[in-house]
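What follows is the residue order along each chain.
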Amino acid sequence: LERIVAQVWAVVLGHETVGVRDHFFDELGGTSLLVAKVTSELGDRLGRHVPVTDLFEHPTVAALARHLAGHPVTGGTRPEDHAARRRAALARQRKRS
């Protein structure tokens, strides 16, 4: 399931690869418009509806795959972890510009 989620994200976001802990919004540059494409493609590949809210609530491949598999997601993100990921994502975006 993680492989399917990562493949869909990579295609939709235009990345060669996506890691299981990469954050859809902060690290990969995902937007709300791309969420709709991802959930549609995942729904087609999995043969079931994937709500848009799932990606907002589970923004990493690992978390989303666990959620879709019906397992609880453990280990919430600490604010300082989120801030560090956001700073790294912004630095990567600056390098690309």
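See the structure shown above.
Before going into details, it helps to say that this report is about the structure given with it.

## Some points on the overall build of the protein chain
Helix and strand counts for the protein chain come out as five helices and zero strands. Its helices and strands in sequence order give the protein chain the pattern α-α-α-α-α, from N to C terminus. Residue pairs at least 24 apart in sequence account for 53% of intrachain contacts in the protein chain once pairs closer than 6 positions are excluded. Just so you have it, the protein chain exposes about 6000 Å², and 53% of that area is on carbon and sulfur atoms.

## Describing the side chain of Asp54
Position of Asp54 relative to the elements: it lies in helix H3 (residues 52–57). As a buried residue without a salt bridge, Asp54 has its nearest oppositely charged side chain in Arg48, at a separation of 6.9 Å. Apart from the residues within four sequence positions on either side, Asp54 is in contact with Leu64, His67 and Leu68.

## Observations regarding the nonpolar core
In this structure, Val5, Trp9, Phe24, Val38, Leu42, Leu55 and Leu64 are the most contacted members of the largest nonpolar core, which totals 20 residues. At the level of secondary structure, the elements contributing two or more residues to this core comprise helix H1 (2–13), helix H2 (32–46) and helix H4 (61–68). Here this core gets six residues from one element, more than from any other, and that element is H1. Setting aside anything within four residues of it in sequence, one finds Phe24 in contact with Trp9, Leu13, Gly29, Gly30, Thr31, Leu34, Val35, Val38, Leu55 and Pro59.

About the criteria used
Residues numbered from 1 in each chain as written. Predicted model: local features only at pLDDT ≥ 70, side-chain atom pairs only at ≥ 80, totals over all residues. Heavy atoms only, no water. Helix = DSSP H or I, 4+ residues; strand = E, 2+ residues; numbered from the N terminus. Contact = heavy atoms within 4.5 Å. Areas by Shrake-Rupley, 256 points an atom, 1.4 Å probe, with all protein chains shown as cover. Buried < 20%, exposed > 50% of the residue type's maximum accessible area, 1.4 Å probe, protein only. Lys, Arg positive; Asp, Glu negative; His and termini not counted. Salt bridge = Lys/Arg side-chain N within 4 Å of Asp/Glu carboxyl O. Core = buried A, V, L, I, M, F, W, Y, C linked by side-chain atoms within 4.5 Å.

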